[in-house]
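Read off the chains here:
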Amino acid sequence: MGLPTLEFSDSFLDSPDFRERLKCHEVELERTNKFIKELIKDGNMLIAALKNLSAAVQKFSQSLQEFQFECIGDAETDDEVNIAQSFKEFSQLLSTVEEERRRLIQNADDVLITPLEKFRKEQIGVAKEGKKKFDKETEKYYSTLERHLSLSSKKKEAYLQEADAQIDKERQLFYDASLEYVFKIQEVQEKKKFEFVEPLLAFLQGLFTFYHEGYELAHEFEPYKQQLQFNLQNTRNNFVSTKQEVEKLMRRIRSADQDYKPPGQWTMEGFLYVQEKRPLGCTWTRHYCTYEKGSKTFTMSNTENKSAGKQPEMFKLRSCIRRKTDSIDKRFCFDLEVVERHGVMTLQALSESNRRLWLEAMDGKEPVRRSASLSLKYSFSGINTLGLYRIGGVNSKVQRLMTTSIIWQLVSAYPHAGYLKSICLLPESDDQNYRVCAVHALVHKLPERNKEMLELLINHLVIVSAQSHCNLMTVSNLGVIFGPTLMRSQEETVAAMMNIKFQNIVMEILIENCTKVSHSKVCLRQAVSQACLSLVHRLCFPGSNEVESNLVKVSFSRPNTVNWIVLLDAKAMYSCEAEHSHELSFPQGAHFSNVYPSVEPGWLQATYEGKTGLIPENYVVFL
């Protein structure tokens, strides 16, 4: 039920019913006043919470911006680069969102708090002041009225006339106060419909703008999110394959001799006990020792002496001789002769096998005999078999095939996997064609037998990948399987395992670009194709403005006939030292101009630093 209407005429009667209806308006006005006060309080708390949230998000964003991903290994794949950059992308996205939130917070006080405060003070406050005046005039009027009515009729006429005039004045003041109060209280009730609601609507509009900005940002972020999810999935797949290899390595290390020599910068390193002679005998002190075979440098650091600034002792080795067991009461000993000391240094290894490793490294008398490495034999059948090359076969059948038939003999695609890894790390690494040409150059540096074997294998894997709808062996899956097989590092270390991801990338390039990599002229053909189109266009449309700067006349074989050669630019992927006067020497990254095929197979004619000569075709990539 709504509030009753207050008629101005009721102000003159001032009936109990009028007072009751007026009371309803006063109660509602007080309730509205309390509600607005609470709303302002809650609004200030909301703004404070938004400020705290904004500050927290900005701190979070700053933390993301400052964090730097560090991946294992000395290089990163495209996937890892994008993942490492993702925190900065997240930070930028959050910062953009917070810019809009800051605008919302800054406007909240102007569009919400200030208008509500103004309405409460200027409207409800004025109405309350009107009530005070109305109550005051009411009390004054009725007090005057009671005194006036108590006057004796026997008073002088002049006195009574004066009293009548006074009561009329008080009555008019009362009526004026009543009318103004009735007008104001109803005015406030009507104004609150818009002046009270409009600030809330403006604040909500600010919220909607903020949320819409978030929606727009999310829409713009969608392509990046999808690409990042793709990068994450690739990295997860690489992790799974790398983890398997690392676990295999860990099991081999665990099952191997405890004196296993891990690869490192030193020919040999580890703890040795050094005999030190004393007046009353001798002592054995533990030292951490290293030996570098090329320079014959032997160093040892006393790990038991904690003196600060103690430098390792360094010696140049003369000879290393195994110590006979019956010549000393210690086991696993050997003697060293060094340039810097007279006499013999006696050292004790940790075990017999450990001593053999030291003797081998120092050209002692007990070299380690290595068993001949076994060639990997490989067979395949059933090209549509689900999970071909990924799901292991029955071990007994595999062993029987390996001992009875050599279908494929896989050889290392290149001596160092790290060299092939560099294909993915060239300055123009985002250029897929550049990578293909780089792989092409490396493949054609292989020995002929190795190159033929690699070509046979890649052609087969192309056939396998073409049936991926049946066997599920996509190019990516084949890269995961065969990358580590063909380009396994000579060193079995965790660091080497971290480079499996690059091996997978190279394998994918080999399979996806089999024809380009196999044919020696394909990269050159691709490079000149656009220039040839230019030549054809010029010959067919002599009146056109086609650019001819990459064409040159070289000879006239018969009258009215012109031979044209396409001149290209190229860049050196590797450095080269000329062996003949008609060849060019150049560093890696050198830029060549006027490049075109030479009459000598495998060579190009080019100009570098003003000098023209021959350069190896597989050393350059065309720009």
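Residues numbered from 1 in each chain as written. Predicted model: local features only at pLDDT ≥ 70, side-chain atom pairs only at ≥ 80, totals over all residues. Heavy atoms only, no water.

What follows is about the overall build of the chain. Across its full length, the chain carries 16 helices and 15 strands. Across the 623 residues in the chain, those meeting the buried criterion constitute 36%. In the chain, the share of contacts with a sequence separation of at least 24, taken over all contacts with a separation of at least 6, comes to 60%. Taken as a whole, the chain presents about 37,600 Å² of accessible surface, with 54% of it coming from carbon and sulfur. (Helix = DSSP H or I, 4+ residues; strand = E, 2+ residues; numbered from the N terminus. Buried < 20%, exposed > 50% of the residue type's maximum accessible area, 1.4 Å probe, protein only. Contact = heavy atoms within 4.5 Å. Areas by Shrake-Rupley, 256 points an atom, 1.4 Å probe, with all protein chains shown as cover.)

In this section: a nonpolar patch on the surface. Taken together, the side chains of Leu204, Phe208 and Tyr211 make up a nonpolar region of the molecular surface, amounting to roughly 330 Å² of accessible area. Along the chain, Leu204 falls in helix α5 (residues 197–255). Note on Leu204: relative accessible area 38%, which makes it partly exposed. (Patch = residues over 30% accessible without salt bridge, like charges linked within 9 Å, V, L, I, M, F, W, Y side chains within 5 Å. Salt bridge = Lys/Arg side-chain N within 4 Å of Asp/Glu carboxyl O.)

Taken together, the six strands give a closed barrel; going around it, the order is β1-β2-β3-β4-β5-β6, and neighbouring strands pair in antiparallel fashion. In this sheet, adjacent strand axes meet at a mean angle of 50° when their direction is disregarded. Pairing of strand β2 (residues 281–292) with strand β3 (residues 297–302) involves six bridges; the strand directions are antiparallel. The residue of β3 that forms the bridge with Tyr288 is Ser301. Contacts between helix α6 (residues 352–361) and the sheet are confined to β1 (268–278), β2, β3, β4 (313–322) and β5 (333–338), with β1 contributing the most and set at about 95° to the helix. (Pairing = 2+ DSSP bridges. Axes fitted to C-alpha atoms, helices over the stretch in contact; angles between N-to-C directions.)

The next thing to look at is the packing of aromatic side chains. Scanning the model with the defined rule gives 21 aromatic pairs in all. One cation-aromatic arrangement involves Lys155 over Tyr159; the distance from NZ or CZ to the ring centre is 5.5 Å. Between the NZ or CZ atom of Lys445 and the centre of the ring of Tyr574, over which it lies, the distance is 4.9 Å. (Phe/Tyr/Trp six-rings, centres within 6.5 Å; stacked < 30°, edge-to-face > 60°. Lys NZ or Arg CZ within 6 Å of the ring centre and 35° of its normal.)

With eleven bridges joining them, β1 and β2 adopt antiparallel strand pairing. Within the sheet, the bridge partner assigned to Met268 lies in β2 and is Tyr291. Inspection of the sheet shows β1 paired to strand β6 (residues 345–348) by two bridges, in the antiparallel sense. Its bridge partner lying in β6, Tyr273 is registered against Gln348.

Counting 33 residues, the largest nonpolar core has Leu22 and Ile36 as its most contacted members. Within the residue set of this core, elements represented by two or more residues are α2 (16–66), α3 (78–149), α4 (157–195) and α5. Here this core takes 13 residues from α3, the largest share from any one element. Ile505, Ile509, Leu510 and Ile511 belong to the second largest nonpolar core, which has 25 residues in total. (Core = buried A, V, L, I, M, F, W, Y, C linked by side-chain atoms within 4.5 Å.)

Right, let's get into α6. Extensive coverage of α6 is indicated by the burial of seven of its ten residues. If you follow the buried residues of α6, they end up packed against β1, β2, β3, β4 and β5. A positive phi of about 55° marks Asp363, the residue just after α6.

The topology assignment puts Glu137 in helix α3. The buried charged residue Glu137 lacks any salt bridge, with Lys140 as its nearest oppositely charged partner at 5.2 Å. Each residue touching Glu137, except ones within four places of it in the same chain, is listed here: Leu173, Phe174 and Ala177. (Lys, Arg positive; Asp, Glu negative; His and termini not counted.)

Locating Asn354 in the fold gives a position in helix α6. Taking the C-alpha atoms as reference points, Asn354 and Gly270, 84 residues apart in sequence, are found 9.2 Å from one another.

Turning our eyes to something else, we now look at the confidence of the model for the chain. Scored by pLDDT, the chain has a mean of 80; 80% of the residues are at 70 or more. Considering only residues more than four positions removed or in separate chains, one finds that residues 367–380, a stretch of pLDDT under 50, has 25 contacts. (pLDDT = per-residue confidence, 0-100.)

Viewed as axis vectors pointing N to C, helix α12 (residues 475–486) and helix α14 (residues 500–512) meet at an angle of 120°, and their least axial separation amounts to 7 Å. With respect to α14, the axis of α12 lies oblique. The way α12 lies across α14 gives a crossing that is right-handed. Across from Val475, Ser476, Leu478, Gly479, Val480, Phe482, Gly483, Pro484 and Leu486 in α12, the residues of α14 making contact are Ile500, Gln503, Asn504, Met507, Glu508, Ile511 and Glu512. Of the residues that constitute the contact of α12 with α14, the class distribution is nine nonpolar, five polar and two charged. (Parallel < 35°, antiparallel > 145°, perpendicular 65-115°, else oblique. Left-handed = near helix turned anticlockwise from the far one by under 90°. Nonpolar A, V, L, I, M, F, W, Y, C, P; charged D, E, K, R; others polar.)

Right, let's get into the sheet that holds strand β15 (residues 620–622). The antiparallel open sheet is built from five strands, whose spatial order is β14-β13-β12-β11-β15. The two strands at the open ends of the sheet, each matched to only one other strand, are β14 (611–616) and β15. Neighbouring strand axes in the sheet, compared pairwise and without regard to direction, differ in orientation by 40° on average. As paired elements, strand β11 (residues 568–572) and β15 share three bridges and run antiparallel to each other. If you follow Lys571 over to β15, its bridge partner there is Val621.

Turning to the side chain of Asn504, a few remarks are in order. Considering the arrangement of structural elements, one finds Asn504 in helix α14. A distance of 3.1 Å separates a polar atom in the side chain of Asn504 from a polar atom in the side chain of Asn238. The contacts of Asn504, once residues within four sequence positions are left out, are Asn238, Ser241, Gly479, Val480, Gly483 and Pro484. (Polar contact = N/O pair within 3.5 Å; in protein donor to acceptor, adjacent residues only side chain to side chain.)

The backbone of Phe332 sits at a positive phi, close to 60°, despite the residue not being glycine. Residue placement: Phe332 occurs in the loop between β4 and β5. A positive phi angle, close to 55°, is found at Asp363, a residue other than glycine.

Moving on, we get to the pattern of salt bridges. Per the counting criterion, the structure on display carries 27 salt bridges. Here Lys293 and Asp363 are joined by a salt bridge, their closest N and O atoms 3.2 Å apart. Of the two residues, Lys293 is situated in the loop between β2 and β3 and Asp363 in the loop between α6 and β7 (377–378); the sequence distance between them amounts to 70 residues. Taking the relative accessible area as the measure of exposure, Asp363 reaches 51% and is therefore exposed. Residues participating in the shared-partner salt-bridge network are Asp10, Asp17 and Arg21.

Remark: helix α10 (residues 448–466) packs on α14, axes separated minimally by 9 Å, with the N-to-C direction vectors making an angle of 85°. Relative to α14, the element α10 is oriented roughly perpendicular. Contacts between α10 and α14 involve Ile458, Leu461, Val462 and Ser465 from the former and Met507, Leu510 and Ile511 from the latter.

The next thing to look at is the state of the cysteines. For the structure on display, the rule yields zero disulfides. A disulfide-free cysteine, Cys333 has its sulfur positioned 10.0 Å from the sulfur of Cys282, the nearest such atom. The class for Cys333 is buried, based on a relative accessible area of 1%. (Disulfide = S-S within 2.5 Å.)

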